[in-house]
Protein chains: 2
Amino acid sequence: MVKLIDVHAMRELLRRDGVQPTLSGLRDYLRADFARWRDFDKSPRMATHWPWGVIELMPVSDGRLYAFKYVNGHLGNPRHGRQTVVAVGLLAEVASGYPLLISEMTVLTALRTAATSALVASLCARAETHCLAVVGAGSQAEFQILAMAEVLSLTEVRCFDIRPPAMAKLRANLSPYGLEVEPCSSIEAAVAGADVVTTATAVKGHRRILRPEQVRPGMHINAIGGDCPGKTELDPQILEAARVIVEYAPQTRIEGEIQQLATDSPVTELWELVAGLSPGRHNEAQVTVFDSVGFALEDYSALRYVRDRSQALGLGEEAALIPRLPRADDLFGAMVGAPPAGSRPRAMQGRHGGD
Amino acid sequence: MVKLIDVHAMRELLRRDGVQPTLSGLRDYLRADFARWRDFDKSPRMATHWPWGVIELMPVSDGRLYAFKYVNGHLGNPRHGRQTVVAVGLLAEVASGYPLLISEMTVLTALRTAATSALVASLCARAETHCLAVVGAGSQAEFQILAMAEVLSLTEVRCFDIRPPAMAKLRANLSPYGLEVEPCSSIEAAVAGADVVTTATAVKGHRRILRPEQVRPGMHINAIGGDCPGKTELDPQILEAARVIVEYAPQTRIEGEIQQLATDSPVTELWELVAGLSPGRHNEAQVTVFDSVGFALEDYSALRYVRDRSQALGLGEEAALIPRLPRADDLFGAMVGAPPAGSRPRAMQGRHGGD
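This one's a predicted model, so the numbers in the text were calculated from it and none came from an experiment. (Residues numbered from 1 in each chain as written. Chains lettered and ligands numbered in written order. Predicted model: local features only at pLDDT ≥ 70, side-chain atom pairs only at ≥ 80, totals over all residues.)

(A) Fine view of the pairing of strand S2 (residues 46-50) of chain B. All names here are of chain B. With five bridges joining them, S2 and strand S3 (residues 53-61) adopt antiparallel strand pairing. Looking at S3, one finds that His49 is bridged to Val54. The hairpin turn running from S2 into S3, its antiparallel successor, is two residues long. (Pairing = 2+ DSSP bridges. Helix = DSSP H or I, 4+ residues; strand = E, 2+ residues; numbered from the N terminus.)

(B) A look at the sheet that holds strand S17 (residues 317-319) of chain B. Residue and element names in this part refer to chain B. Across the sheet, seven strands lie side by side as S2-S3-S4-S5-S6-S1-S17; this open sheet has mixed pairing. The sheet terminates laterally at S2 and S17, the two strands that pair on one side only. Strand after strand, the sheet turns through a mean of 15° between neighbouring axes, direction not considered. Bridge analysis of strand S1 (residues 2-5) against S17 gives three bridges, and the strand direction is antiparallel. Looking at the pairing, Lys3 lines up with Glu318 of S17. Here helix H3 (residues 106-124) sits on the sheet in contact with strand S4 (65-73), strand S5 (87-93) and strand S6 (99-104), set at roughly 85° to S6. Strand contacts of helix H10 (residues 296-313): S1, S3, S4, S5 and S6, with the helix running at about 110° to S4, the strand carrying the most contacts. (Axes fitted to C-alpha atoms, helices over the stretch in contact; angles between N-to-C directions. Contact = placed C-beta atoms within 7 Å.)

(C) The arrangement of the relation of the copies chain A and chain B in detail. Rotating chain A by 180° about the axis while translating it 0.0 Å along that axis superimposes it on chain B, leaving an RMSD of 0.0 Å. The superposition of one copy onto the other is thereby described by a two-fold rotation axis. Looking at chain A, 99% of its interface residues are interface residues in chain B too, so the copies touch through the same face. (Least-squares fit on C-alpha atoms with pLDDT ≥ 70 in both.)

(D) The arrangement of the domain arrangement of chain A in detail. Residue and element names in this part refer to chain A. Looking at chain A, the domain boundaries give domain 1 (2-107 + 298-319) and domain 2 (126-294). For domain 1 versus domain 2, the distance between C-alpha centres works out to 23 Å. Every contact between the two is made by 17 residues of domain 1 and, on the other side, 16 residues of domain 2. The biggest single contributor to the side of domain 1 that touches domain 2 is helix H2 (residues 19-34), with six residues. Residues belonging to the side of domain 1 that touches domain 2 are distributed by class as follows: eight nonpolar, five polar and four charged. (Domains from an automatic or database assignment. Nonpolar A, V, L, I, M, F, W, Y, C, P; charged D, E, K, R; others polar.)

Shown next as structure tokens:
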């Protein structure tokens, strides 16, 4: 049987464990998996593009478990009351090739993206980090802020979005968590004096959400919105002057902010930081940028986490997606069998029959 | 909601429609889809290999629907009471990127492989085709024979397998369908005088299931077992002397029988036959070989067929795998919401608080 985690089971998991402990738990799984980076068979995701959207398959394996995610990106979906990004993932056992788990990943992707951002911030942000600014109050914003609050000593959270109702939504959602988000009237107002800036917009094109003069020494920039060819958020001058952290360079050079730079521009992969091979920052004045695009390993960690927590909590349904056969070679007998009585199957025509 | 077709729903579909009409229906869908070959965005499947098995993702799209299949191949699985191949597939709407259907594809893969073989045989086999020989009585055999019986005027079906119980299973399964399968004591005995030979073995390595002297003029060979690098069933001399039909040349050159030939060996793609651009055979004496490896387009057709039939028959469950949001940008509000009363979320530390 394959365990099925639908949106109700995921909501229940978050209700029982709490969203902040879930974000912290995911961060622990991410740290553990990035620490054994060389165990994984990695490849850039397989993307199919249309003028109005993209569908991607993101597989990865460490030889014990195999994970992949199906995910779309359709910027026009909200106009039809649909989400820009939805996702479904599968975890399988490599020894047998049998699927173990199918999970909703729309929420799980938001959670693991935020947990990954927090992991990077915990390694790159200065020790004294009090003010977080978030540009873009869409689906990711609450998850990003809650995850950052777990690793930074925040005293101030500001946001800007071109849509005031989105800022009101963000503020209302986070107030019960003791996080008072201040809506700002401009990007300038939001990021002035911020220690960490998260850019999470959904606008297509090469945008300049942040300009070089808005970046102050020691700032950590968490750039999660630039994640496909032709979609970036940062002025390339910011990238050229900063220490750039990426998940998996071959994929990020195609999809991330650094698609704007030369293909040999210096980058550091997250696993090097996690493994202690490279520092998060070289000094207090350095600007650090996490050029987040989302890598399959994060979905692997997230599915592994959901598998463990759903087992512990007894969540999810068993789906009969794989036939269980009394005899391994008798798929037909188990799944089809004899024709129903009264049916008239086409017989052979007899050795000497005509046609 | 995503329609979920599990093995029970698939069994019920086969019971209600009958396996032979299902094979014929699939063949019609395959013919229609191969006829518009140029509409599809095609790529070789994404395979991850281990010494003991392979896991593959097979995506394809025509700009309206996007389909992919997860499928494994683990030759050692039957030793542990498991199947060599299991599969799960997903069909999505390209306009929104939203998944429409998740289906078991272990049975469906056997059905679509057999229907594809029958489609090719209907185009390539001589008009007078009475004797079918099948080498390998594993999971595919019944489906292959039933599908061939729909398009050939069979009067005789023979089989050989190194495991006599597998032949007994095949005979017992097909007898209720009016198909009397004769077990043979050797490959030679099975194929002597046969008009069509299906090879469907699961043995690893470059095998010579068929030798050149066993091939008689006008024979059609349906080679379905050679389907990954290092796994072939036919003597390359047979391929060199025959008209070779493939599904998608870039993939078959990696995985099919023709991996044994030069990379520019002549092949004809199935769509060319379906579109009438090329004949199935040039004369009655020509030997034709279908070098079947299984292409993503076949899964697309199969998922499209299952979607249509399950709708018509009212089969399948709705799975809540995609969150439905009152507000498209409020994923957090719909899926997480406020912390439970009594919980103590981590608040901000106050503007002047320490850490």
